[in-house]
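# Results of the structural survey
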Amino acid sequence: MEIRRDHLEPEFFYHIYNRGINSEDVYKNKDNYLYFLKKAKEFLLPVADIYAYCLMKNHFHLLVRIKPEVELKTFFDSQNKNTKIRAEGIHALHSIVSKQFAKLMSSYTQGFNKYYNRHGSLFETPFKRIRITDEVYLRNCIIYIHQNSLDINEQLEKYDFSSYKIILSNSKTELKREEVISYFENIDNFKFCHQRIVEI
């Protein structure tokens, strides 16, 4: 498991993205997409809040905000009761978030490989991350992530594997829906802002 030195820091937003090795498909059917989202909840929600996502055939985008340090420490302690804590490496507190992302991709890969009778890595490593410190960039990142579904000529509100549809709905979700809308002031402006193509 590779842990990078540029750690995902508490209470910062990050745009996390990755693709299949050699741009190969990492989702082949609806069940694959749903399984990835299930694994994302399992591994990421203890360490991060999810604000936006879009899963495409050969890659994914996530916008997350890392939990406060006190919450990370509580989770870290619960996961390392029988492990010698280290100042550096995968058993260090500052590695816990990256470790959870690595677990997500490893766990999904194992399930995918078993289902399709394949072997080896599925995603490129390490996964890509951009720390976001500017609110304008944050809004543009949300739009950009949702607009990935336009690559396959889908209307934003009809694509099932993006958070855009969930944000417009009233369905139960772990997504930070209200906070996302608040960055656009209201739902109408949220929809309006998605009408212009954004590059980041």
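The structure this text deals with has already been given above.
Here goes a summary of the coordinates provided.

The rules behind these values
- Residue numbers run consecutively from 1 along every chain, following the written order of its sequence.
- Local features in this predicted model are restricted to residues of pLDDT 70 or higher, and side-chain atom pairs are both shown and tallied only at a pLDDT of 80 or more, whereas totals for entire chains, interfaces and linings draw on every residue.
- The basis for the side-chain values is all heavy atoms of the structure; hydrogens and waters are excluded.
- Each pair of strands is called paired provided DSSP finds at least two bridges between the two strands.
- Strands here mean DSSP runs of E at least two residues long; helices mean DSSP runs of H or I at least four residues long; both are numbered from the N terminus.
- Axis lines are fitted to C-alpha atoms, over the contacting stretch for helices. Their N-to-C directions set the angle, which ranges from 0 to 180 degrees.
- Should any heavy atoms of two residues lie within 4.5 Å, those residues are considered in contact.
- In this scheme, roughly parallel covers angles under 35 degrees and roughly antiparallel covers those over 145, while 65 to 115 is roughly perpendicular and the rest are oblique.
- Here a crossing is called left-handed whenever its near helix is offset anticlockwise from the far helix by less than a right angle, and right-handed whenever the offset is clockwise.
- Three residue categories are used. Nonpolar comprises Ala, Val, Leu, Ile, Met, Phe, Trp, Tyr, Cys and Pro, charged comprises Asp, Glu, Lys and Arg, and polar comprises the others, including Gly.

## Considerations on the sheet that holds strand β4 (residues 128–132)
Adjacent strands of a sheet form backbone hydrogen bonds with each other and so pair up, either parallel or antiparallel. The strand order β2-β3-β1-β4 describes an open sheet built from 4 strands, whose pairing is antiparallel. If you trace the sheet from one side to the other, it starts and ends with β2 (48–56) and β4, each paired once. Averaged over all neighbouring strand pairs, the angle between strand axes comes to 15°, with direction disregarded. Pairing geometry for strand β1 (residues 13–19) and strand β3 (residues 59–66), over 7 bridges, is antiparallel. By the bridge assignment, Y17 is partnered in β3 with H61. Along the sheet face, helix α3 (residues 96–116) touches β1, β3 and β4 and points at about 150° away from the line of β3.

## Let's talk about the packing of helix α1 (residues 30–44) against α3
In the contact formed by α1 and α3, the axes pass within 9 Å of each other and the chain directions differ by 150°. Accordingly, the angle class assigned to the pair α1 and α3 is roughly antiparallel. Considering the relative orientation of α1 and α3, their crossing is right-handed. Residue-level contacts link N32, Y35, F36, K39, A40, F43 and L44 of α1 to Q100, F101, K103, L104, S107, Y108, G111, F112 and Y116 of α3. Split into classes, the residues belonging to the contact of α1 with α3 amount to 10 nonpolar, 4 polar and 2 charged.

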